[in-house]
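Overview (structure and organization)
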Amino acid sequence: MDWAQLRAKVAGCTDCKLRAGCSQTVFGVGDEKAQWLLVGEAPGSEEDRLGDPFVGQAGKLLDNMLAAISLHRGSNVYIANVLKCRPPGNRDPEPDEVAKCAPHLWRQIQLIQPKVILAMGRFAAQTLLGSDATIASLRGKVHQYAGVPLVVTYHPAYLLRNLPDKAKAWADLQLAKQTVAEH
Ligand code: URA
């Protein structure tokens with residue numbers, strides 16, 4: 001599948017129960033040749049309304065963090081989620097939903113061929129690494145997803161509630177930046 005086919009597949013997808021309850025699919029946004037791929041969990045209410053990932057409060061924090069390392073969405077950065085449809089009431093993704101939707105993300109990764117994947121939060125990290133380990137135990141090292149270096153960090157929505165952990169997220173960004181420079 002090329003980009004156009006993948007977009008059409010996601011836009012028309014009814015493979016799981018989420019599509020019936022959301023307003024639109026949220027495919028992903030950014031530079032299709034980006035060195036940085038940021039992966040979150042699933043669209044929230046603002047993302048569902050506007051059709052782009054990370055456009056709510058968590059997205060503003062994410063944009064600020066990116067700006068601090070001279071990165072901007074759309075320029076050498078691509079942002080996507082594990083799930084392309086909003087779970088009702090922002091509940092956690094369910095295993096069958098992840099199983100149906102993750103192949104869209106796998107294909108996005110193949111098409112982008114980033115130099116680093118930043119997995120933000122438990123769902124992104126666990127889905128991409130096939131692990132049930134905690135964020136705390138996965139942070140601080142460079143993992144691999146299909147040959148692409150992968151760094152785990154906190155989800156921006158978590159950071160909004162736990163400001164002291166921003167310093168750790170900053171360290172994670174530095175690790176990702178170093179990884180890009182080395183590859
Ligand atoms: N949280 C996510 O994981 N993804 C979004 O797009 C927005 C909030």
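Residues numbered from 1 in each chain as written. Predicted model: local features only at pLDDT ≥ 70, side-chain atom pairs only at ≥ 80, totals over all residues. Heavy atoms only, no water.

As a further point, take the overall build of the protein chain. Helix and strand counts for the protein chain come out as eight helices and six strands. Start at the N end of the protein chain and walk to the C end: the helices and strands fall as α-β-β-α-α-β-α-β-α-α-β-β-α-α. For the protein chain, the C-alpha radius of gyration of 15 Å lies close to 16 Å, the compact-globule estimate for 183 residues. The principal-axis extent of the C-alpha atoms belonging to the protein chain is close to 40 × 35 × 30 Å. Relative to its 183 residues, the protein chain shows a buried fraction of 50%. Of the contacts formed within the protein chain by residues at least 6 apart in sequence, a portion of 72% connects residues at least 24 apart. (Helix = DSSP H or I, 4+ residues; strand = E, 2+ residues; numbered from the N terminus. Rg over C-alpha atoms; globule rule 2.2 N^0.38 Å. Buried < 20%, exposed > 50% of the residue type's maximum accessible area, 1.4 Å probe, protein only. Contact = heavy atoms within 4.5 Å.)

Unusually for a residue other than glycine, serine 70 sits at a positive phi of about 60°. With respect to the secondary-structure elements, serine 70 resides in the loop between helix 3 (57-68) and strand 3 (77-81). A positive phi angle, near 70°, is found at asparagine 76, a position not held by glycine. Along the chain, the position of asparagine 76 falls in the loop between helix 3 and strand 3. When its relative accessible area of 24% is taken as the criterion, asparagine 76 is described as partly exposed.

When you tally the buried positions in strand 2 (residues 36-40), you get five out of five residues, the bulk of the element. In strand 2, alternate side chains face the same way, and those of Trp36, Leu38 and Gly40 on one face and Leu37 and Val39 on the other are all buried. Bridge analysis of strand 2 against strand 3 gives five bridges, and the strand direction is parallel. Bridged to leucine 38 within strand 3 is isoleucine 79. As paired strands, strand 2 and strand 4 (residues 116-120) are joined by four bridges and run parallel to one another. By the bridge assignment, leucine 37 is partnered in strand 4 with isoleucine 117. (Pairing = 2+ DSSP bridges.)

Before going further, it helps to spend a moment on helix 5 (residues 122-129). Extensive coverage of helix 5 is indicated by the burial of six of its eight residues. The set of residues buried in helix 5 consists of Phe123, Ala124, Ala125, Gln126, Thr127 and Leu128. The inward-facing, buried residues of helix 5 contact strand 2, helix 4 (95-112), strand 4, helix 6 (135-138), strand 5 (142-145) and strand 6 (148-153).

Within the structure, the ligand sits among Gly40, Glu41, Ala42, Glu47, Pro53, Phe54, Asn81 and His155. Within the side chain of asparagine 81, an N or O atom sits 2.8 Å from a nitrogen atom of the ligand. In the complex, 91% of the free accessible area of the ligand, which totals 240 Å², lies under the protein chains. (Near = heavy atom within 4 Å. Polar contact = N/O pair within 3.5 Å; in protein donor to acceptor, adjacent residues only side chain to side chain. Areas by Shrake-Rupley, 256 points an atom, 1.4 Å probe, with all protein chains shown as cover.)

For the rest of this paragraph, the subject is the packing of helix 3 against helix 8 (residues 166-182). Across the interface, helix 3 lies against helix 8 with an axial gap of 11 Å and an inter-helix angle of 50°. With respect to each other, helix 3 and helix 8 are oriented oblique. The two elements helix 3 and helix 8 meet at a crossing, and its hand is right-handed. Contact residues: helix 3 offers Leu61, Met65 and Ala68, while helix 8 offers Lys166, Ala169, Trp170 and Leu173. (Axes fitted to C-alpha atoms, helices over the stretch in contact; angles between N-to-C directions. Parallel < 35°, antiparallel > 145°, perpendicular 65-115°, else oblique. Left-handed = near helix turned anticlockwise from the far one by under 90°.)

Turning our attention to helix 3. Think of an α-helix as turning once every 3.6 residues; residues three or four places apart then point the same way. Taking 1.5 Å of rise per residue, the twelve residues of helix 3 would be expected to cover 16 Å, and the 17 Å separating its terminal C-alpha atoms lies within 8% of that figure. When helix 3 is considered as a whole, its buried residues turn out to be Ala58, Gly59, Leu61, Leu62, Met65 and Leu66. Around the axis of helix 3, the buried residues are gathered within 160° of arc, so they sit on the same side. Looking at helix 3, the residues exposed on the side facing more than 90 degrees away from the buried face are Gln57 and Asn64. Check the buried side of helix 3 and you find it contacts strand 2, strand 3, strand 4, helix 7 (156-161) and helix 8. Where helix 3 terminates, the next one or two residues include serine 70, which has phi positive at roughly 60°. (Expected span 1.5 Å × (residues − 1). Arc of directions from axis to C-beta.)

So yeah, pure geometry; function would need other evidence.
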